[in-house]
Amino acid sequence: MVCWGLLLKNTAPNALHDSNARYGPPKCDEDTRTEVLAEIMGWMEDHGSPQRLLCLTGAAGSGKSALQQTIAERCVQKNTLASTFFLSATDSTRNNANPVIPTIAYQLGSRNKNLKNRIKEAIERDQLIFSKSLKSQITSLIINPCRGLRGRDLRALPYAILIDGLDECSGEDRQAELLDALKEFVLYDDLPFRIFIASRPELAIRNMLDPGGCLHDVAYHIQLSDKYDATEDIRRYLWRRLRDIGRRDNVRSHQWPTQDDIELLVRAASGQFIYAATVFKYISEPRSSPVERLKIVVNWTPHEHRLARPFRTLDILYSAILSTAKDAYENVDTHSRRDFMLLFRAYHINFTTGFKEKESDLVGLQFDAEVLNTTLRLETGAHKSLMSDLHSLVTLRDEKLHLYHKSLSDFLEQESRSGTLFVANSRVYTYIAQCCLQTILYEGPMSMVALTHLPLFLLRAVSIDHELVYFTQHGGWQKIDRLLPRAMHNDRVSRSVFSDWERTFTLLIRRLQDRNPGEARIMRRFFEKWGREFGGWGGRRSQKLAHLRGDSMSSDFDSEVEDDTCTW
């Protein structure tokens, strides 16, 4: 009993599928996820299949835990469930790898007396086994005891081992170690076990499942978000759940919820079950009107004094994933001075709405991924390392960023939801304007691209005066003066450049003339020079600038600029 008690001490009871700590766990509604459930159960029962390890990966909120719970309950009914372990980042007893192997061993031993005795003997031989590597634990506590059973006892063992939320195990190295240890199960053909693991597609998991990874050839891999469209299942789920609420609360209208309400929610869910589950949880609160709560969800917009938070569950999920990715990225020594959320928002804007002069514009400027990397003065492939811990929220296809869930954009764009992770659009435009100014000033390889697009970012930048003053004092406008003739060789570019610079220069000079009149004067003289040389904006703008200046145009441009920029 002492050895069995030692094993029990190292388990995590909260991780069991029927644990009281997980009361009311998510599971699949009737008539939903039927195809993927059939595929998983078919694999589970196909003992002739050469792959005895199944890895299910999917986006955050795509319903992986509900699938695991449903499979666990079906295996209980068939008397094939050997063990379960549901990891959770928010529960300190099951957010790490330490209790996983002991908990599996405990459940297996509890189902077979002979196996229990063999596990106890293994612990008696080495009572320090729980402080050893996971591979040593799985070999001593599970594989060797099971292989010591006689044929009938071994065949009688239940064989389904389910592990959910591997990504919620703290530490990428421990995630990889746990996967490597679990691989030991499939190396022995005489063991009956079939292991079903579900996880977000985080870095450690992807590395092991991708070509060249140690699990690529031995694991059956289902990519949930790519393979199965849950739209119809979500529609059925919402109809059934909201109608149940209507009957519970005696909603008088026979038209509640309406078809339009359901379709709006289905579109907003973007195929991710967590949105639908969050909406249901919010509307089903017993001390409020479901009709009014549904109206809040359908018509919800943020404002300063709004108390309702219908998407709080989603916000907590997004905050946790983004915060973890932010810490991991910024802790890399070469990224130490980078702002993860600022960079991510730049890519997010680029690949969703594009960069616009006005928010009301229908179409925005979009860069290719590598062009944006260079515009942001980052290394080649920087977008891939930036997104490496966000594969549960986004995917990169054809070098473009795609969101799994539309509500991620809502979260990122609303400070009331994203809180300390919020980055305003204006801050992104300001940062890119600063990058463009630096590229031109230091004559980087993308100077012409920076010249072409700088006006757009300057128009929406805030608190950019310091950078403009520095740019002016260090000869930045002279650098632009040398670039402009090259731009003039392309008629389409020249018209675009001059049209954009005309509006931008007028605004910038007006902004600077009171606080930094010397720099404003230099900018104005370059502006007038280009107007005379290229005829880009005619007399009306020049007259406006002359009025702002309060004097006549310079007739000796070079000497005046040289006098004003003696700090070069």
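The structure reproduced in this document is the subject of the present report. (Residues numbered from 1 in each chain as written. Predicted model: local features only at pLDDT ≥ 70, side-chain atom pairs only at ≥ 80, totals over all residues. Heavy atoms only, no water.)

1. Comments concerning helix H11 (residues 231–248)
Over its 18 residues, H11 extends 26 Å from the first C-alpha to the last, a length consistent with the 26 Å expected when each residue adds 1.5 Å. Of the surrounding secondary structure, the elements contacted by the buried residues of H11 are helix H12 (259–269), helix H13 (273–283) and helix H14 (290–299). Of the residues one or two after H11, Asn 250 is the one with positive phi, at around 55°. (Helix = DSSP H or I, 4+ residues; strand = E, 2+ residues; numbered from the N terminus. Expected span 1.5 Å × (residues − 1). Contact = heavy atoms within 4.5 Å.)

2. Describing helix H23 (residues 465–473)
Those residues of H23 lying buried are Asp 465, Leu 468, Val 469, Phe 471 and Thr 472. Down the axis of H23, the sector holding all buried residues measures 160°, keeping them to one side. Positive backbone phi, approximately 80°, marks Gly 475, located one or two places after H23. (Buried < 20%, exposed > 50% of the residue type's maximum accessible area, 1.4 Å probe, protein only. Arc of directions from axis to C-beta.)

3. Overview of unusual backbone geometry
Note the cis peptide between Trp 256 and Pro 257, where omega equals -10°. Along the chain, the position of Pro 257 falls in the loop between H11 and H12. Unusually for a residue other than glycine, Asn 79 sits at a positive phi of about 60°. Mapped onto the secondary structure, Asn 79 falls in the loop between helix H3 (64–77) and strand S2 (81–86). Positive phi, normally seen in glycine, also occurs at Asp 398, with a value near 55°. Inspection of the secondary structure assignment puts Asp 398 in the loop between strand S6 (394–397) and strand S7 (400–403). What makes Asp 398 exposed here is its relative accessible area of 73%.

4. A few points about the sheet that holds strand S1 (residues 53–57)
Spatially, S2-S3-S4-S1-S5 is the arrangement adopted by the five strands of the open sheet, whose pairing is parallel. Where the open sheet ends on each side, the last strands, each with one partner, are S2 and strand S5 (219–223). Here the strands of the sheet are splayed against their neighbours by 15° on average, with no regard to which way each runs. Of the strand pairs in this sheet, strand S3 (residues 160–164) and strand S4 (residues 194–199) are connected by five bridges, and their pairing is parallel. Its bridge partner being in S4, Leu 162 is matched across the sheet by Phe 196. Contacting S1, S3, S4 and S5, helix H2 (residues 34–45) runs over the sheet at an angle of about 150° to S4. (Pairing = 2+ DSSP bridges. Axes fitted to C-alpha atoms, helices over the stretch in contact; angles between N-to-C directions.)

5. Here we look at the packing of aromatic side chains
Taken as a whole and assessed by the stated rule, the structure comprises 15 aromatic pairs. The interplanar angle of 15° and the centroid separation of 6.5 Å between the aromatic rings of Phe 367 and Phe 457 together place this pair among those described as stacked. Taken as a pair, Phe 367 in the loop between helix H16 (340–351) and helix H17 (369–375) and Phe 457 in helix H22 (residues 447–460) lie far apart in primary sequence, 90 residues in all. You'll find Phe 367 and Phe 457 in the same group, each marked buried. Seen from their ring centres, Tyr 429 and Phe 457 are 5.7 Å apart, and the 45° between their planes marks the pair as tilted. Of this pair, Tyr 429 sits in helix H21 (residues 425–441) while Phe 457 sits in helix H22, and the two are 28 residues apart along the sequence. (Phe/Tyr/Trp six-rings, centres within 6.5 Å; stacked < 30°, edge-to-face > 60°.)

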